[in-house]
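Residues per chain are reported as follows:
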Amino acid sequence: MQTLSSHILGRWHTGTEKPVTLENPTTLAPLATVGSGGFDSKAVLAFAREKGGPALAALNFQERGKLLAALSGAIHEHRDELIQLALENGGNTRGDAKFDIDGATGTLMYYAGLGEKLGARTLLSDGEGLQLGRTARFWGQHVYTTRPGVALHINAFNFPAWGMLEKMACALLAGMPVIEKPGTPTALVAWRIAQIIVEKGILPAGVYQFVSGSLGDMLDHLGPQDVLAFTGSSGTGANLRGNANLIKHNVRVNIEADSLNAAVLAPDVDASSDAYGLFLSNVALDMTQKTGQKCTAVRRVFVPAERVKDVVADLVAQLGRTKVGDPSEKDVRMGPLASKSQFEEVKKGIERLAAHGTIATGGTDPIQPKGYFVAPTLIVAKDAQNPAFHAEEVFGPCAVVLPYSGDAVEAARLVNLGGGGLVCSVYGNDAEWTDRFVLLAAPWHGRIWIGSDKMAEQALPPGMVLPMMIHGGPGRAGGGDELGAERGLHFYMQRTALQGFKGAIEATFGDKSPATGTSGS
Ligand code: NAP
């Protein structure tokens, strides 16, 4: 059995406190142990700030982009091995594992391309300069400079590759060194990636450190130029945000938390239309891909009341085509949940929701003799207003169908009861209806995905996070965002308003100067 170590202060370190055993959620065979502790957090942070920061500061965007491309290539070389690890440690099907690993290398390549585009500069301008005085001699310009601190990234278990590398792509391109902590239950994939990164020697010393297990007291030593980017449950996010040291030093924090993502079927969508086919396949895909363990997966499905019976029958038929079982088998489309605690939490969550509705398919009865398997479960709500459906994220293959009147205003009001979401998908061909819905739902969401007959053929599913668009959301979704092309870099940089003589400001910091150039996004 393997022991997962950390790579800190330029060497591998094995923690021995509070060991946790990682297992294969299909066979329950133990795979690895992860221990914690035995390091000085202050020294780890200082190593990043004092070694890694200056090494990145010596490079421009284009050169940092080349590092990202090299990382992407190095990880891609090990694609098959990583897929196998995700199958064993995460219960991923091959498709699930590819989604994570190719998402990671693709995002790195996207940011490598952005680095190339941003060119031989180290600063970003924010918009055009503007006249502040009586004449243009007194001039203003907003500019972004890299924060001379360290980016601490805490990642969730469900995307061990993509979650870590999309954060790294933005931080490294912006010029900040990183410390990565993976979610422990599926840390094997992240740990192997850490080994590859270290073995290849692509990154200068101090730019990348990796902590298996607990971070110890590291949050207590972050300072005003450091940042914390967290992905995980809203409960953990709230707990971390409340850390006294982070509050005291106003450490910049980005939280990507959970979300009761909604799919809304507009009343005009005909059962024979492309938009309806897209709705059925996307809802079923979201419920079963990665066994529903996706932050963007649909949890609530809003359907006009008079169509609930037919739509539920169609969804049940669609879900019935998903073969559940050992993810190493070729025709299996959904594997087990990733861990024992996930298995227990999801079963409890299904039972809590089912108490307020009826189970159309699935439930909590065992479906395999061994392993953390739960059937794709569709529940039909008795009352769409019931707060139970808008409060709890069941992080597994479970969604609830909620009837509504067909009115766009009512649909938005019910969707917004989720308290802030990462993504909401709406399926409608009547632009007046969807526009009304979008205007009311947008303030509560980081992303709205509008499905219609016109885009059905080319659409990527709403559960897919794209590096050129922001990912995040208000309220319970964490209140932050990440990615979104150049926007993803801004978290790692400080925006400063420069005011002074136009000639001097424009020469070095102007939106067309060689140093800053025009903002690319
Ligand atoms: P979690 O239990 O909140 O853990 C997330 C991360 O926080 C893990 O690395 C965990 O480490 C760490 N952590 C927990 N307590 C900590 C503490 N006191 N100090 C420092 N780190 C701490 O979430 P999860 O079960 O891994 O992930 C599932 C959740 O993430 C779901 O709710 C899902 O919706 C959400 N998620 C959101 C997004 C998004 O982009 N918004 C993406 C993916 C997942 P250990 O594993 O070692 O405990």
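Residues numbered from 1 in each chain as written. Predicted model: local features only at pLDDT ≥ 70, side-chain atom pairs only at ≥ 80, totals over all residues. Heavy atoms only, no water.

### Describing the sheet that holds strand 1 (residues 2-4)
Piece 1. Spatially, the 3 strands line up as an open sheet ordered 1-5-4, and their pairing is mixed. Both outer strands of the open sheet, strand 1 and strand 4 (17-23), are each paired with one neighbouring strand and no more. Each adjacent strand pair in this sheet contributes to an overall mean axis angle of 30 degrees, direction not counted.
Piece 2. Of the strands in this sheet, strand 1, strand 4 and strand 5 (30-36) touch helix 6 (residues 187-200), which is tilted by about 75 degrees from strand 1. (Pairing = 2+ DSSP bridges. Helix = DSSP H or I, 4+ residues; strand = E, 2+ residues; numbered from the N terminus. Axes fitted to C-alpha atoms, helices over the stretch in contact; angles between N-to-C directions. Contact = heavy atoms within 4.5 Å.)

### A closer look at the nonpolar core
Piece 1. If you look at the biggest cluster of nonpolar residues, it comprises 65 residues, and the most contacted ones within it are Met168, Leu203, Leu489 and Tyr492.
Piece 2. Those elements that place two or more of their residues in this core are strand 5, helix 2 (61-77), helix 3 (79-90), helix 4 (94-118), helix 5 (162-174), helix 6, strand 10 (208-210) and strand 11 (227-231).
Piece 3. Counting residues per element, this core draws most heavily on helix 5, which supplies 10 residues.
Piece 4. With near-sequence residues (within four places) excluded, Leu489 lies in contact with Phe61, Tyr111, Leu114, Leu118, Leu124, Cys170, Leu173 and Ala174.
Piece 5. Of all hydrophobic cores here, the second largest spans 59 residues; its members include Val374, Ile379, Val415 and Val423. (Core = buried A, V, L, I, M, F, W, Y, C linked by side-chain atoms within 4.5 Å. Buried < 20%, exposed > 50% of the residue type's maximum accessible area, 1.4 Å probe, protein only.)

### Thoughts on the layout of surface pockets
Any space left empty among the atoms is revealed by the rolling of a water-sized probe across them.
Piece 1. Considered as a void within the structure, the largest pocket measures approximately 840 Å³ in volume.
Piece 2. Looking at the largest pocket, it is lined by 40 residues, and the ones nearest its centre are Ala156, Phe157, Thr231, Gly232 and Ser233.
Piece 3. For the lining of the largest pocket, the secondary-structure elements that each account for two or more residues are helix 5, strand 11, helix 7 (234-241) and helix 11 (340-354).
Piece 4. Here the residues of the lining of the largest pocket sort into 17 nonpolar, 13 polar and 10 charged.
Piece 5. A domain split of the lining of the largest pocket shows at least three residues from each of domain 1 (2-257 + 481-509) and domain 2 (261-467). (1 Å grid on protein atoms, 1.4 Å probe; cavity = no way out; pocket = protein on both sides within 12 Å on 5 of 7 lines; lining within 4 Å. Points joined across faces, edges and corners; volume = space filled by probe spheres on them. Nonpolar A, V, L, I, M, F, W, Y, C, P; charged D, E, K, R; others polar. Domains from an automatic or database assignment.)

### Notes on the domain arrangement of the protein chain
Piece 1. When the domains of the protein chain are assigned, the result is domain 1 (2-257 + 481-509) and domain 2 (261-467).
Piece 2. Computed over C-alpha atoms, the centres of domain 1 and domain 2 are 31 Å apart.
Piece 3. On the side of domain 2, 30 residues touch domain 1, which itself brings 29 residues to the contact.
Piece 4. Buried surface at the junction of domain 1 and domain 2, both sides included, amounts to about 2,100 Å², of which 63% is carbon and sulfur. (Buried area = accessible area lost by both parts, 1.4 Å probe.)

### Some remarks on the pairing of strand 7 (residues 138-146)
Piece 1. The sheet contact formed by strand 6 (residues 124-131) and strand 7 spans 5 bridges and is antiparallel. By the bridge assignment, Leu124 is partnered in strand 7 with Tyr144.
Piece 2. Count of turn residues in the strand 6/strand 7 antiparallel hairpin: 6 residues.
Piece 3. Sheet topology places strand 7 next to strand 22 (residues 493-501); 9 bridges connect them, and they run antiparallel. Opposite Gln141, over in strand 22, you have Leu498 as the bridge partner.

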